[in-house]
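Report on the structure
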Amino acid sequence: GRRIGYVFQEPMSALNPVLRCGDQLVETLRHHFDMDRRAARTRALEWLERVRLDEPERILRAWPHQLSGGQRQRVMLALALCAEPALLIADEPTTALDVLRQRELIELFGELRRELGFSMLFISHDLGVVRHLADEVIILDRGRVVEQGPLAQVWRAPAHAVTRALIQAMPRLDEAPWVAPAPAEEPVLEVGDLRVSFAERRSLWSKKKRHTAVDGVSFALRRGETVGIVGPSGCGKTSLARGLLRLVPATGQVRVGRTDWMALAGAALRRARRHVQLIFQDPVAALNPRLPIGEAILEPMRVHGLHDDEGERFERMQALLEEVDLPAGWHDRLPRQLSGGERQRVCIARALACQPRVLVCDECVAQLDVTIQKQVLELLLRLQQRHRLAMLFIAHDLAVVRLVSHRILVMDAGRVVEEAHPDELFRAPRSAMGRALVEAARWGAQSL
Ligand SMILES: Nc1ncnc2c1ncn2[C@@H]1O[C@H](COP(=O)(O)OP(=O)(O)O)[C@@H](O)[C@H]1O
Ligand SMILES: [Mg+2]
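Remember, predicted model here, so these are calculated numbers, not experimental data. Chains are numbered independently. Their residues run from 1 in the order of the written sequence. Starting at A for chains and at 1 for ligands, labels are handed out in the order in which the entities are written. Residues qualify for local features only when their pLDDT is at least 70, as the model is predicted, and side-chain atom pairs are given and counted only at 80 or more; totals for whole chains, interfaces and linings, by contrast, use all residues. Calculation of side-chain values draws on the structure's entire complement of heavy atoms; hydrogens and water are dropped beforehand.

This brings us to the domain arrangement of the protein chain. Reported domain spans reflect what an automatic or database domain assignment gives. Domain assignment breaks the protein chain into domain 1 (4–134) and domain 2 (187–275 + 356–444). Relative to domain 2, the C-alpha centre of domain 1 lies at a distance of 32 Å. Contacts are assigned to residue pairs with any non-hydrogen atoms lying within 4.5 Å of each other. Taken together, the contact between domain 1 and domain 2 spans 15 residues of the former and twelve residues of the latter. Summed over both partners, the accessible area (1.4 Å probe) lost when two parts come together is defined as the buried area. Interface area for domain 1 against domain 2, summed over the two sides, is near 1300 Å², with a carbon-plus-sulfur share of 63%. The three residues of domain 1 that bury the most area against domain 2 are V99, L100 and R103, which together make up 44% of that side's buried surface. By convention in these notes, a salt bridge is any Lys or Arg side-chain nitrogen within 4 Å of a carboxyl oxygen on Asp or Glu. There are one salt bridge connecting domain 1 and domain 2. N or O atoms within 3.5 Å of each other form a polar contact, as long as, within protein, one can give a hydrogen and the other can take it, and as long as residues adjacent in sequence are counted only when both atoms are side-chain atoms. At the boundary of domain 1 and domain 2, one finds five residue pairs in polar contact (both at pLDDT 80 or more). Runs of E in the DSSP output that reach at least two residues are strands. Runs of H or I that reach at least four are helices, and both are numbered from the N terminus. Listing elements by their share of the side of domain 1 that touches domain 2, those giving two or more residues are α6 (99–116) and α7 (127–130). With seven residues, the single largest contributor to the side of domain 1 that touches domain 2 is α6.

This is how it looks when you write it as structure tokens:
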């Protein structure tokens, strides 16, 4: 197929992991065109420049695993386009990217199409993305076309309920935030000058150096309060969460209640961990596939010796399932019998089983469909208010963070560059990263 090029959501499946990016391009070019290695290499370099990759020479020599998600998408795009196809089929190519990279890539698709003149079939679950690219839109539901027409018309006057639902599911920036003003309570988590660094080999040739992922972050979190943390991929959000939970080595001050968290070790640390629970992006990885979900919730209660006996723990487990809107009778089901959203509810119930004071949510709705995302967010908010939890809500998408946060910290390259109330941040962002994230949220939202 020289007539058709493809790009997918997960570039690792399209790129050959044992070939350098440059060799893959050179081979593809030589397969399609009559050229020698030298000429193909020059052309490969041109394509890497054309997809706006910085340092094309370096990328040419790099292995796929050495690139970021956004860079890999661009290499895959160069690979698809270098055969000069008449039609490019793009299947959810931006779904795995953060909001900033998503927008850059969509703009690149548009520019290249104008430059090179190919046609494009762009497949996506996200009308907010399609809207910035398509002339014509086809809405599919269960394998059937339910609506079709010029984008402007479908957008303005959607005729089918499925189309309306897709528009409804997009984040709205005119929707009032869900949280009431933050309560004035004592801090339960205090973080001072937290630093996390990793030993990292930058390339095969240079020697190991330390890469600073979190570079002196300070903040306090009060009982009943949610602090949102936003920033692009790689800015250090997950390292911050893992550092303050002491799952990776970190320096600085961390206090949980009156406890000096950094002074804890061994059994004392394990006991204290109960008070700070983490919920992360991937509920599949978080749950043992062979353990019934009821057992997954009972386990931490046993480990920490909560409640008087097994009978009481069993009752508590059933109550927790109901609290996260799952039937109590599901306790003997296995994770694979549940949907993604249901598994995330199990993870939330398991965290609550520890009776924590702080809940740290790291991109905990990023992998869920927009409608399910909203349900899980509503659940988290309800639980937070009922249990007066302090919550650290980490996400790359400001449209989500603004709904649930009392305060927002904007991160860029390991540092907090701005702290603001959600309204303030949208009205007048003070940092460059704050502005970029607000713009990206507007770009992807239903109401501009
Ligand atoms: N285990 C690790 N070893 C080496 N580098 C890491 C490790 N974890 C994260 N990093 C690096 O630290 C930086 C921050 O990563 P991360 O905290 O995952 O960011 P975010 O969650 O905001 O996307 C990135 O440059 C990443 O490559
Ligand atoms: Mg992360």
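This is not the end of the story, as more comes after the structure.
Judged by side-chain charge, D308, D309, E312 and E315 come together as a negatively charged surface patch. Relative to the helices and strands, D309 is located in the loop between α13 (293–303) and α14 (310–323). What makes a patch is a set of residues exposed beyond 30% relative accessible area and free of salt bridges, joined within 9 Å when like-charged and within 5 Å when nonpolar (Val, Leu, Ile, Met, Phe, Trp, Tyr). For the area figures, the Shrake-Rupley method with a 1.4 Å probe applies, and any residue is considered shielded solely by the protein chains shown. In this tally Asp and Glu are treated as negative and Lys and Arg as positive; neither His nor the chain ends contributes. To locate a charge, take NZ of a lysine, CZ of an arginine, CG of an aspartate or CD of a glutamate.

Under the counting rule described, the total for this entry stands at 27 salt bridges. For E111, the salt bridge is made with R52, and the minimal N-O distance between the two is 2.6 Å. Linking E111 in helix α6 with R52 in the loop between α3 (37–50) and α4 (56–61), this pair joins segments that are 59 residues apart in sequence. As a salt-bridge pair, R142 and D141 come within 3.6 Å of each other at their nearest N and O atoms. Note on classification: 1.4 Å probe, protein chains only; a residue is buried when its accessible area is under 20% of the maximum for its type, exposed when over 50%, partly exposed between these limits. With a relative accessible area of 79%, R142 lands in the exposed category. Shared partners join several salt bridges into a network, and the residues in it are D193, R195, D215 and R415.

Below, the discussion takes up the nonpolar core. Core analysis: the biggest nonpolar cluster contains 61 residues, and I297, I348, F393 and L398 have the highest contact counts within it. Tallying contributions element by element places helix α15 (residues 340–353) first for this core, with seven residues. When near neighbours in sequence (up to four residues on either side) are disregarded, F393 contacts T226, V227, G228, I229, C361, C364, L377, L380, V400, V401 and V404. By nonpolar core we mean a set of buried residues, namely Ala, Val, Leu, Ile, Met, Phe, Trp, Tyr and Cys, connected to one another through side-chain atoms within 4.5 Å. L67, L79, L112 and W443 belong to the second largest nonpolar core, which has 49 residues in total.

A contiguous nonpolar patch, built from I4, Y6 and F8 and spanning about 270 Å² of accessible area, is present on the exposed surface. In this fold, F8 is placed in the loop between β1 (4–7) and α1 (11–14).

Attention shifts here to α14. Working rule for helices: expected span equals 1.5 Å times residues minus one. Given a rise of 1.5 Å per residue, 14 residues ought to cover 20 Å, and the 20 Å separating the end C-alpha atoms of α14 matches this to within 8%. Considered for burial, the residues of α14 that qualify are R313, M317, L320, L321 and E323. The buried residues of α14 occupy an angular sector of 155 degrees when the element is viewed end-on, so they sit on one face. Of the exposed residues in α14, those oriented more than 90 degrees away from the buried face are E315 and E322. Contacts from the buried residues of α14 go to α13, α15 and α16 (370–387). Two or three places before G311, at the start of α14, stands the capping residue D309, its side-chain oxygen 3.1 Å from that residue's backbone nitrogen. Looking one or two places after α14, you find D325, whose phi comes out positive at around 65 degrees. This arc describes the spread of directions from the helix axis toward the C-beta atoms.

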